[in-house]
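Descriptive structure summary
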Amino acid sequence: MNIIVCIKWTPDTSEADLIVDAAGKDIKKDDLDYDVNDWDRFAVEEAVQIKEKMGGQVTVVTVAPDDAAEMLRESLARGADEAFHLWDEAFEGSDGYAVASILAKFIKGRPHDLILTGTLADDDCGGQVGGMLATMLGIPSSTLVSKIEIQGTNIRFNRELEGGLGEEVEMDLPALVAVATGLNEPRFVSIRAVRKVASVEIPMLDSGEIGLDESRMGPGGSRIQIEQIYLPPEGEGAEIIKGSSEEVAARLAQILKEKGGIG
Amino acid sequence: MKNIFVLAEHRKEQLRDITWEAVAAGRKLGADLGADLTCLLLAEKVDDMAQSLAGECRKVLAIEDPSFYTLNSEALAKALVSVLKDMGPYMLVMGNSNSVMDLAPGLSVALDATLATDCFGFEVRDGRPMALRQMYSYKVNALVSFKEAERIVVTLRGGAFSFGPSGQGAGTIEKLSSPLGDEKPRKRFVNYVEAEKGDVDIAAADIIVSVGRGIGEEPDISVFESLAESMGGVLACSRPIVDKNLLPKYHQVGTSGVEVKPKVYLALGISGAFQHIGGIKGSPLIAAINKDPRAPIFRVAQYGIVGDLNELVPILENKIKALKKS
């Protein structure tokens, strides 16, 4: 079983104070901490678990600048067998479609029975790359997947619908599966495991080495263009209760009581 | 732009509410771009659903095939490519449901179209449509344009477009024969899986205290259980809490968890991703405590406190207990 896991290097914006840059087309990212996209962490773990059960080879790949090497190395420590780092300055400014094009070109020439990735990334909130990549490769795909089982030449899994309902679905391999968070428990990585992979070489491939046409990458290969980025006005919606902790708690308790929130 | 197509979404032979939201968005886009609106219905049996759609849409294109019993993305993509390939410039509008998340990205590639997902608004500038969506943990708004604007696919944020019946009367229904051949499908629906039932039913609760990622890496859940108990309510949570196995899945509020409508919803450390907000629509009182003043939850809450939960929760519980005694 050859498993390729596509992972993304994303800024942690969940609790950071975000500032729009001077051009008004992105946020300032210099002060943000980057890490592997939360959803993709589960994809790496799932790949390693499938390999441990069935044998095979896990390859991790990302389209990301230099710093992302750290995330690839961590994936090796988690049990992946090899990692590839795809980067070229010309990749800067790629949208989901361009990233899918880059990954498709890289994966096309390599054996792949199963491609795993996360359903969404927290930066673009787009959820596009998996499904696009699968169609570019001509294989079936699904998102929001949990509880994966490989059955011979098929993959059977559950996926989430709304309201707690799920559906059980089966696909022929090769296939792409974009996982939901929570489908497994990503393992703790020991210092020993990190040391073991410290000297493993992680090849970095540029557009020429991938064999990618210039028109397929960066802003030129993208289809969506950001015209303007802005922060919604602060405090829009809620009345923000201000005062000391004692005061705000007392006021909130009072409101809860009035609205039937103390039963 | 010549045509606006709206994909009707259904489950277990019923149209889903998000279909009407997509019709509302499609109508508005049609008016702004001077384009005609057509509903696309692909189902195992189309008659009843096509009738309902024709009450609100001038034109309904319907295709029957057993493969469309669910919104199987492989079957739908194949059929939609066959229907749309000769349609000239168009925009395809769909709800950003969990089924469409499976469909839209691959379909956009197969149609050679530009895709924007999870849009909550549209603008038209110089006759060009642009979409509003969110980025960076749903904290930043982005206005995006479509570079190849001949074929556009958009998916819509649930709840962002409200539908009102137009009362325009019956539209036409055209049935097309199924373009799916004998080729064996590579993706097959097996069956529905019902949610696991637990010892509490948060959907039935009047008072909910709900906790999210912001309660910390190794939180003491009993602190929040105690607060919920003092309020006479139940404890619920957002997705990250279930992912970390801190509470069972049946405590999870959101579109892929349980949709709730309590009298009072107190959100603690919940940032308010749209999947979560989708599960609390219609709750009369939403109050939130979060340390990030820009957390999206404050846009749907009526009352908010920006502060530290570890400090505030015990004080709040004391105040509540004091109010109960008085």
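Residues numbered from 1 in each chain as written. Chains lettered and ligands numbered in written order. Predicted model: local features only at pLDDT ≥ 70, side-chain atom pairs only at ≥ 80, totals over all residues.

1. Some thoughts on the overall build of chain A
Here is the rule we go by: A run of H or I in DSSP counts as a helix once it spans at least four residues, and a run of E counts as a strand once it spans at least two, with each numbered from the N terminus. With C-beta atoms placed from the backbone, the exposure class of a residue follows from how many other C-beta atoms lie within 10 Å of its own: 20 or more, buried; 12 or fewer, exposed; in between, partly exposed. Contact between two residues is assigned when their C-beta atoms, built from the backbone, lie within 7 Å.
When its secondary structure is counted, chain A shows eight helices and 13 strands. In terms of its C-alpha atoms, chain A occupies a principal-axis envelope of roughly 65 × 45 × 40 Å. The burial tally for chain A puts 48% of its 263 residues in the buried class. Summarising the internal contacts of chain A: among those between residues at least 6 apart in sequence, 71% fall at separations of at least 24.

2. What to know about the overall build of chain B
Along the backbone of chain B there are eight helices and 18 strands. Dimensions of chain B along its principal axes, counting C-alpha atoms only, are 70 × 45 × 35 Å. Counting the 326 residues in chain B, one finds 54% classified as buried. Contacts spanning at least 24 positions in sequence make up 63% of the contacts within chain B whose residues lie at least 6 apart.

3. Digging into the confidence of the model for chain B
Quick reminder of the rule: pLDDT expresses how confident the predictor is about each individual residue, on a scale running from 0 to 100.
On average, residues of chain B score 94 in pLDDT, and 100% of them reach the 70 mark or higher. Predicted complex, confidence summary: ipTM 0.94, pTM 0.92.

4. Re the sheet that holds strand β8 (residues 121–125) of chain B
The condition that has to hold: At least two DSSP bridges between two strands are required for those strands to pair. Where helices are involved, their axes are fitted lines through C-alpha atoms of the stretch in contact, as for all axes, and angles between N-to-C directions lie from 0 to 180°.
The four strands lie next to each other as β12(A)-β10(B)-β9(B)-β8(B), forming an open sheet whose pairing is antiparallel. Looking at the sheet topology across the chains shown, the edges are occupied by β12 (224–230) of chain A together with β8 of chain B. Pairs of neighbouring strands in the sheet enclose a mean axial angle of 30°, with direction left out of account. Summarising the sheet, β12 of chain A and strand β10 (residues 140–146) of chain B pair through six bridges and their orientation is antiparallel. Paired with Gln225 of chain A across the bridge in β10 of chain B is Ser145 of chain B.

5. A closer look at the interface of chain A and chain B
Counted only if it meets this: Gly is placed with the polar residues, together with every amino acid not listed as nonpolar (Ala, Val, Leu, Ile, Met, Phe, Trp, Tyr, Cys and Pro) or charged (Asp, Glu, Lys and Arg).
Contacts between the two partners involve 73 residues from chain A, matched on the other side by 84 residues from chain B. Within the residue set of the side of chain A that touches chain B, elements represented by two or more residues are α4 (129–137), β7 (141–151), β8 (154–160), β9 (166–172), β12, β13 (239–240) and α8 (245–258) of chain A. Of the residues forming the side of chain A that touches chain B, the biggest block, 10 residues, is contributed by α8 of chain A. Its residues placed into classes, the side of chain A that touches chain B shows 29 nonpolar, 26 polar and 18 charged.

6. Comments concerning the packing of α8 of chain A against helix α8 (residues 309–325) of chain B
Which entries qualify depends on this criterion: Throughout, the term roughly parallel applies to angles under 35 degrees, roughly antiparallel to angles over 145, roughly perpendicular to angles from 65 to 115, and oblique to all others. Rotating anticlockwise by less than a right angle from the far helix to the near helix defines a left-handed crossing, while the corresponding clockwise rotation defines a right-handed one.
Running from N to C, α8 of chain A and α8 of chain B cross one another at 50°; their axes reach a closest spacing of 8 Å. Judged by the angle between their axes, α8 of chain A and α8 of chain B are oblique. You can see that α8 of chain A and α8 of chain B cross each other, and the crossing is right-handed. In this structure, α8 of chain A uses Ser245, Glu246, Ala249, Ala250, Leu252, Ala253, Leu256 and Lys257 of chain A to contact α8 of chain B, whose residues at the interface are Glu311, Leu312, Ile315, Leu316, Lys319, Ile320 and Leu323 of chain B. Split into classes, the residues belonging to the contact of α8 of chain A with α8 of chain B amount to 10 nonpolar, one polar and four charged.

7. Observations regarding the domain arrangement of chain B
Residues and elements named next belong to chain B. Keep this limit in mind: The split into domains, and so the bounds of each, comes from an automatic or database assignment of domains.
According to the domain assignment, chain B contains domain 1 (3–176) and domain 2 (202–325). Using C-alpha coordinates to define each centre, domain 1 is positioned 34 Å away from domain 2. Facing seven residues of domain 1, the contacting portion of domain 2 comprises nine residues. Split by residue class, the side of domain 1 that touches domain 2 holds one nonpolar, four polar and two charged.

8. Quick notes on the domain arrangement of chain A
Structurally, chain A comprises domain 1 (2–221) and domain 2 (236–263). Averaged C-alpha coordinates put domain 1 of chain A and domain 2 of chain A at centres separated by 43 Å.

9. Digging into the environment of Asp12 of chain A
All names here are of chain A. Looking at the element boundaries, Asp12 is found in the loop between β2 (9–11) and β3 (34–36). In this structure Asp12 comes out as partly exposed when scored by C-beta crowding, with 16 C-beta atoms within 10 Å. Distance in space between the C-alpha atoms of Asp12 and Phe106 is 27 Å, their sequence separation being 94 residues. The contacts of Asp12, once residues within four sequence positions are left out, are Leu32, Asp33 and Asp35.

10. Structural notes on unusual backbone geometry
Look at the link from Leu173 of chain A to Pro174 of chain A: it is a cis peptide, with omega at 0°. By secondary structure assignment, the location of Pro174 of chain A is in the loop between β9 and β10 (175–179). One non-glycine residue with positive phi stands out, namely Asp126 of chain B, at about 50°. On the secondary structure map, Asp126 of chain B appears in the loop between β8 and β9 (128–135).

11. Side note on the nonpolar core
Spelled out, the test is: Under the definition applied here, buried Ala, Val, Leu, Ile, Met, Phe, Trp, Tyr and Cys residues are grouped into a nonpolar core through C-beta atoms within 7 Å.
Ranked by internal contacts, the top residues of the largest apolar core, which has 186 residues, are Val5, Ile102 and Leu103 of chain A together with Val6, Leu41, Val93 and Leu268 of chain B. With nine residues, the single largest contributor to this core is helix α3 (residues 96–108) of chain A. Excluding its chain neighbours within four sequence positions, the residues that come into contact with Ile102 of chain A are Val63, Leu86, Phe91, Ser94, Ile210, Leu212 and Met217 of chain A.

12. Quick word on the sheet that holds strand β17 (residues 285–290) of chain B
Spatially, the six strands line up as an open sheet ordered β13(A)-β18(B)-β17(B)-β16(B)-β14(B)-β15(B), and their pairing is parallel. Looking along the sheet, the strands with just one partner apiece sit at the ends: β13 of chain A together with β15 (234–237) of chain B. The pairing of strand β14 (residues 207–211) of chain B with strand β16 (residues 264–268) of chain B spans five bridges and is classified as parallel. Considered in β16 of chain B, the bridge of Ser210 of chain B is made with Ala267 of chain B.

13. Re the pairing of strand β6 (residues 90–95) of chain B
All names here are of chain B. Most of β6 sits out of view: six of its six residues are buried. Residues Tyr90, Leu92 and Met94 line one face of β6 and the alternating positions Met91, Val93 and Gly95 line the opposite face, and both faces are buried. For strand β1 (residues 3–7) and β6, the ladder comprises four bridges, and the chain directions are parallel. Across the sheet, the residue bridging to Asn3 is Tyr90, located in β6. Of the pairings in the sheet, the one linking β6 to strand β11 (residues 151–156) comprises six bridges and is parallel in character. Bridge pairing links Gly95 to Leu156 in β11.

14. Here's the deal with the environment of Val60 of chain A
Residues and elements named next belong to chain A. Along the chain, Val60 falls in strand β4 (residues 57–63). Separated by 172 residues in sequence, Val60 and Pro232 place their C-alpha atoms 36 Å apart. Sequence-distant contacts of Val60, defined by excluding residues within four places in its chain, comprise Val5, Ile7, Val44, Leu72, Ser75, Ala80 and Ala83.

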